[in-house]
Amino acid sequence: MKFAKNILCIGAGYVGGPTMAVIAAKCPDCKVTVVDVNEERIRRWNSDDLPIFEPGLLDVVRSARGHNLFFSAAVAEGIQAADIIFVSVNTPTKTFGHGAGMASDLQYWEKTAHEIVAHSDRAKIIVEKSTLPVRTAEAMERILQENKKGIHFEVISNPEFLSEGSAVNDLLKPDRVLIGSRQTESGRKAAQEIVAIFAHWVAPEKIITANLWSAELSKLVANAFLAQRISSINAVSALCEKTDADVAEISFAVGSDQRIGPRFLNASIGFGGSCFKKDILNLVYICRSYGLNEVADYWQAVIAINEYQQERFVRKIIREMFNTIVGKKIVLLGFAFKANTGDTRESPGIHVARKLLDERARLVISDPQALENARKDLAGLDGSVEYEPDPYRAAVDAQGLAVITEWESFKKLDFKKIFASMRKPAFVFDGRNILDHQKLFNIGFNVYPLGKPSLTHFK
Ligand code: NAD
Ligand code: UGA
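## Regarding the site of ligand 1
Around ligand 1, the surrounding shell holds 26 residues, and the nearest of these are Asp 36, Arg 41, Thr 91, Glu 164 and Lys 278. For ligand 1, an oxygen atom lies 3.0 Å from a polar atom in the backbone of Tyr 14. One of the backbone N or O atoms of Val 15 is found 2.9 Å from an oxygen atom in ligand 1. For ligand 1, the accessible surface in isolation is 830 Å², of which the surrounding protein chains cover 92%. Examining the composition of the shell around ligand 1, we find that three residues originate from one element, helix H5 (residues 107–119), more than from any other. Among the residues making up the shell around ligand 1, the classes are represented as eight nonpolar, 10 polar and eight charged.

## Quick word on the packing of helix H1 (residues 16–26) against helix H3 (residues 57–64)
Remark: H1 packs on H3, axes separated minimally by 9 Å, with the N-to-C direction vectors making an angle of 50°. As the angle between them shows, H1 and H3 are arranged oblique. In terms of crossing hand, the pair formed by H1 and H3 is left-handed. On H3, the residues that touch Pro 18, Ala 21, Val 22, Ala 24 and Ala 25 of H1 are Leu 57, Val 60, Val 61, Ser 63 and Ala 64. A class-by-class count of the residues in the contact of H1 with H3 yields nine nonpolar, one polar and no charged.

## Quick look at the site of ligand 2
The local shell around ligand 2 holds 20 residues, among which Leu 162, Ser 268, Cys 275, Phe 337 and Arg 432 are the closest. Leu 265 places a main-chain nitrogen or oxygen 3.4 Å from an oxygen atom of ligand 2. Within the backbone of Phe 337, an N or O atom sits 2.6 Å from an oxygen atom of ligand 2. Alone, ligand 2 offers 700 Å² of accessible surface; in the complex the protein occludes 91% of this. In terms of residue count, helix H9 (residues 212–243) provides more of the shell around ligand 2 than any other element does, four residues in total.

## Things to note about the layout of surface pockets
Its boundaries defined by the atoms lining it, the second largest pocket holds a volume of some 280 Å³. Forming the walls of the second largest pocket are 14 residues, and the residues nearest its centre are Glu 241, Lys 242, Arg 312, Lys 316 and Arg 319. Secondary-structure elements contributing two or more residues to the lining of the second largest pocket are H9 and helix H12 (293–320). Here the element with the most residues in the lining of the second largest pocket is H12; it accounts for six residues.

## Overview of a nonpolar patch on the surface
Where nonpolar side chains cluster on the molecular surface, the patch consists of Tyr 290, Leu 292 and Val 295 and spans about 290 Å² of accessible area. Overall, Tyr 290 belongs to the exposed group, its relative accessible area being 54%.

## As for the sheet that holds strand E12 (residues 400–403)
In space, the six strands of this open sheet follow the order E11-E10-E9-E12-E13-E14, with parallel pairing throughout. Sheet topology places strand E11 (384–387) and strand E14 (446–448) at the edges, where each strand pairs with a single neighbour. Averaged over all neighbouring strand pairs, the angle between strand axes comes to 20°, with direction disregarded. Bridge count for strand E10 (residues 362–366) against E11 is four bridges, and the pairing is parallel. Across the sheet, the residue bridging to Val 364 is Glu 386, located in E11. This element, H12, spans strand E9 (329–333), E12, strand E13 (427–430) and E14 of the sheet and lies at about 165° to E13. Here helix H13 (residues 348–358) sits on the sheet and contacts E9, E10 and E11; the angle it forms with E9, its principal contact strand, is near 175°.

## What to know about the pairing of strand E3 (residues 69–72)
The side-chain alternation of E3 yields one buried face, formed by Leu 69 and Phe 71, and one unburied face, formed by Phe 70 and Ser 72. Two strands pair when backbone bridges link them, and strand E2 (residues 30–35) and E3 are joined in this way by four bridges, in the parallel orientation. Bridging from a neighbouring strand, Thr 33 pairs with Phe 70 of E3.

Thresholds, definitions, all that
- Residues numbered from 1 in each chain as written.
- Chains lettered and ligands numbered in written order.
- Predicted model: local features only at pLDDT ≥ 70, side-chain atom pairs only at ≥ 80, totals over all residues.
- Heavy atoms only, no water.
- Near = heavy atom within 4 Å.
- Polar contact = N/O pair within 3.5 Å; in protein donor to acceptor, adjacent residues only side chain to side chain.
- Areas by Shrake-Rupley, 256 points an atom, 1.4 Å probe, with all protein chains shown as cover.
- Helix = DSSP H or I, 4+ residues; strand = E, 2+ residues; numbered from the N terminus.
- Nonpolar A, V, L, I, M, F, W, Y, C, P; charged D, E, K, R; others polar.
- Axes fitted to C-alpha atoms, helices over the stretch in contact; angles between N-to-C directions.
- Parallel < 35°, antiparallel > 145°, perpendicular 65-115°, else oblique.
- Left-handed = near helix turned anticlockwise from the far one by under 90°.
- Contact = heavy atoms within 4.5 Å.
- 1 Å grid on protein atoms, 1.4 Å probe; cavity = no way out; pocket = protein on both sides within 12 Å on 5 of 7 lines; lining within 4 Å.
- Points joined across faces, edges and corners; volume = space filled by probe spheres on them.
- Patch = residues over 30% accessible without salt bridge, like charges linked within 9 Å, V, L, I, M, F, W, Y side chains within 5 Å.
- Salt bridge = Lys/Arg side-chain N within 4 Å of Asp/Glu carboxyl O.
- Buried < 20%, exposed > 50% of the residue type's maximum accessible area, 1.4 Å probe, protein only.
- Pairing = 2+ DSSP bridges.

Written out as structure tokens, the structure is:
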């Protein structure tokens, strides 16, 4: 079959895989190929055991795979055949050299730019899907225009706003699609080609076009604003614990103001995930590099509160369990950075587990999807860690439960049965405020919610 467009995506990760699956499902006139250097990942994308857990994703992949959606490790061939190339490689925080711990590590992104030049023999549109520092497109253009073949590459910024755990829905019904381009004739024309892809299923008023730098920077700013809301409510949760105010009541009251809105006001043990921290650090780094130190300090505080919140949760566990947890069995209910994903990147669970192990607690980790990643995250640490998918088995002889992830299944557990199998006094630390605290207290637990008065049986 002859397709109208050949679309390639370099990077078959949490963004590249789902995004391209939805584009393929919605654009049957386009051939969509996703390539990756990680052959094992590609093998799994070609099976029913997908490399990432994402509700609804397998159905979308199956609907298009083999028709107009292909996963392959042949990067060079993919580049050659493509009209439009989305670049969705990882852009983690740099861990070495200048800017370590702050700046984006652009080595994977730059490698793809060189590969595109090497394997292209005609004009192509290059779409930045990865989250990148503002003005990266300029560097991309420089590398691409260095080619001696006289080929013109137009660089477009199309940042991705999906959230893990709801990626398919977010892609099918996005709040907006943002497409940034050079404000030249060829830039606008290329932007319209990308608009045409999304117009297959996204309403025109939700497809925003902008200049390249606004599009790149909007992505960092959107993540910074979302993370800032969580740090704001988490900061308030600490004050609630001192004043017997209830952070959930505050979220509701404050979020009822239409100007503020109710979402992203759930107090937690802190935000995790591969992007919030990385993208704010990147924003801070960019601000400092322009000499905007006050602006940098402002955003840095969002991360400082996030670290404080995770540390506060650990300290509370130790303090309330009589200032020693040596040899005590504590169950971490959840390890993923949020519900409905197996992703543990930057999960607060990693920090909590490390600190509890430092205090020589015995840990049992129970998570419906994230145990494979948890094992990797905690590999090599000293101390006792077990991985048990069944929360009932995990809780036998334990003294404490700590909720790390807001899985629905945890709300439905039979806590009477769990309490009966635990050592006494039994403690619950609800880092997500998802459990029925009064009910747990009535069963006999000593209960420590977040940002709410604790419920204990101690006199
Ligand atoms: P990921 O690590 O899951 O996937 C990136 C993939 O790129 C990996 O499989 C890696 O092997 C591959 N890769 C790296 N270099 C390559 C090369 N030269 N050729 C071919 N493949 C190569 O990362 P992700 O979570 O999908 O994130 C990708 C980008 O999207 C990042 O910039 C991230 O900030 C951004 N983003 C992520 C999310 C999210 O929810 N995870 C949401 C929005 C934006
Ligand atoms: C986030 C953004 O929501 C996406 O728009 C963005 O595309 C993505 O980052 C990215 O750039 O990678 P994601 O990290 O997948 O998506 O998940 P979120 O739902 O934003 O949750 C992030 C963290 O904040 C989780 O640990 C979650 O538990 C926590 N959170 C969220 C709270 O603690 N409280 C809340 O009210 C909401």
